[in-house]
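# Overview (structure and organization)
Given next are the chains, with one letter for each unit.
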Amino acid sequence: MNSRRSFLQNTLLGGLAAGTADFWARNLPVFDKPDKNAFPVVIATWGPNLKANAAAWEVLSKGGYALDAVEAGVRIPEADPLDTSVGYGGFPDRDGHVTLDACIMNEHGMAGSVSFLEHIMHPISVARLVMEKTPHVMLVGDGALQFALSQGFKKEDLLTEVAKKAWESWKIESKYKPIINVERHDTIGMVAIDSQQRIAGACTTSGAAFKMHGRVGDSPIIGAGMFVDNEVGGAASTGLGEMVLRTLGSFLVVEEMRRGAHPQKAAETAVKRIARKYAKLCEEAQVGFIAVDKRGRFGGFAIHPGFNYVVYQGGENKVYESASFLAK
Ligand code: ASP
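Here we summarise the structure given alongside this text. Quick caveat: nothing in here was measured; it's all calculated off a predicted structure.

Calculation notes
Along each chain, numbering runs from 1 in the same order as the chain's sequence is written. The predicted nature of this model means local features are confined to residues of pLDDT at least 70 and side-chain atom pairs, given and counted, to a pLDDT of 80 or more, with totals for whole chains, interfaces and linings taken over all residues. Excluded from the side-chain calculation are hydrogens and water; included are all heavy atoms of the structure. Numbering of helices and strands starts at the N terminus; helices are DSSP runs of H or I of at least 4 residues and strands are runs of E of at least 2. Remark: exposure states derive from per-residue accessible area (1.4 Å probe, protein chains only) relative to the maximum for the residue type, with buried under 20%, exposed over 50%, and partly exposed in between. Only heavy atoms enter the contact rule, under which two residues are in contact if any of them lie within 4.5 Å. Using a 1.4 Å probe, accessible areas were evaluated by the Shrake-Rupley method; residue-level cover was limited to the displayed protein chains. Within this scheme a cavity is a closed region of a 1 Å grid, computed over the protein atoms alone, that accommodates a 1.4 Å probe without allowing it to escape, whereas a pocket is open but has protein on both sides within 12 Å along at least five of seven lines; lining residues each have an atom within 4 Å of a point. Grid points are joined across faces, edges and corners, and a volume is the space filled by probe spheres set on the points. When residues are sorted by character, Ala, Val, Leu, Ile, Met, Phe, Trp, Tyr, Cys and Pro go into the nonpolar class, Asp, Glu, Lys and Arg into the charged class, and all the rest, Gly among them, into the polar class. When DSSP finds at least two bridges between two strands, those strands are taken to pair. Here an angle of 0 to 180 degrees is reported between the N-to-C directions of two axes, which are lines fitted to C-alpha atoms, with helices fitted over the stretch in contact.

### As for the overall build of the protein
Regarding its fold elements, the protein presents ten helices and 13 strands. Out of the 328 residues in the protein, the part that is buried amounts to 54%. In the protein, 65% of the contacts between residues at least 6 apart in sequence involve partners at least 24 apart. About 14800 Å² of surface is accessible on the protein, with carbon and sulfur atoms providing 56% of the total.

This is the structure:
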């Protein structure tokens, strides 16, 4: 029996190995020659993130590395106390804790993520070190905090007076009801392609405001909140994380691009998948995707109007209003 099994295994593996080269020759996506002027490029969720895009561009325009660019980019809203949905100043959970989620991915398909992390202003940089210094992809909660402290990060109080006041007034009614576009959660997801055409992505958030303690959304989950594949492109999401988690939205967008879809169409497919499966939830909740492909083409799509995204390309940093599945 044993020898029969190993015979079968060897034959199967042998067969696969022999066929592998042909398989890839037949199935690898064929991309037209990229337009040289398309690179570098960086795309991020939400209009106010022009500043984050500019920080990423600062790296990219000097011939820098896409991974450094996305990290530098998303650190801007992480440190901004006025941004109430990312990092420092983020609205807390319903028990008053600011808990942060972030993930990062490089051109080799390596990834790092932290989730349910408290007291660290730059979760994206911790996520990068998870990728670079540990054999793991994801660390959560106290373990993530311990790791961050061991790497020299400072423990800080991230709950600002503004966020505390908002939480106190929320407590009067204690009702969690997302409001479209001002859902009190608008994560930054960012994808960059550098001049050597290396693709990297990052995503960071304080998650849904006044969420249950321990709740984790889509943003730190590779394939849900963000995904890149250097052969294809990258995507990121924002909005009600539960719907993106259930559909692995960013992965879906990238796979659609792999099958030849333009980033705009790929983002539409992911939104339509959500809309078809969760029609009722969609009436009240927003989800938006951004995408960029290996050719430097980009797009964005959302369930509701009001989503926008920013693209820095060819020396210009611009806000784009996203098309949407539902009308106003
Ligand atoms: N997707 C994030 C979450 O659900 C929040 C957002 O993007 O607005 O945690």
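Past the structure itself, the notes keep going.
### Some thoughts on the layout of surface pockets
Taken as a whole, the largest pocket encloses approximately 230 Å³ of empty space. Lining the largest pocket are 13 residues, and of these Tyr176, Lys211, Met212, Arg215 and Glu242 sit closest to its centre. Broken down by class, the residue content of the lining of the largest pocket amounts to seven nonpolar, one polar and five charged. Considering only enclosed or pocket space, the second largest pocket measures out at about 160 Å³ in volume. Every residue lining the second largest pocket is listed: Trp46, Pro48, Asn49, Lys51, Ile76, Pro77, Asp80, Leu82, Asp83, Ser85 and Asp186. Class assignment for the residues of the lining of the second largest pocket results in five nonpolar, two polar and four charged.

### Here we look at the sheet that holds strand E6 (residues 199–205)
Strands sit in the order E4-E3-E2-E6-E5-E1-E11-E12 across an open sheet of eight strands; the sheet is mixed. Bordering the open sheet on either side are strand E4 (138–140) and strand E12 (316–321), each of which pairs with just one other strand. With strand direction ignored, the average angle separating the axes of adjacent strands in the sheet is 10 degrees. In this sheet, strand E11 (residues 308–313) lies alongside strand E1 (residues 41–45) in antiparallel orientation, the contact comprising five bridges. The partner of valine 41 across the bridge, within E11, is glutamine 313. Against the sheet, helix H2 (residues 50–60) makes contact with E1, strand E5 (188–193), E11 and E12, and its axis sits at roughly 160 degrees relative to E1, the strand it touches most. Of the strands in this sheet, strand E2 (100–105), strand E3 (111–117), E4 and E6 touch helix H4 (residues 123–133), which is tilted by about 135 degrees from E3.

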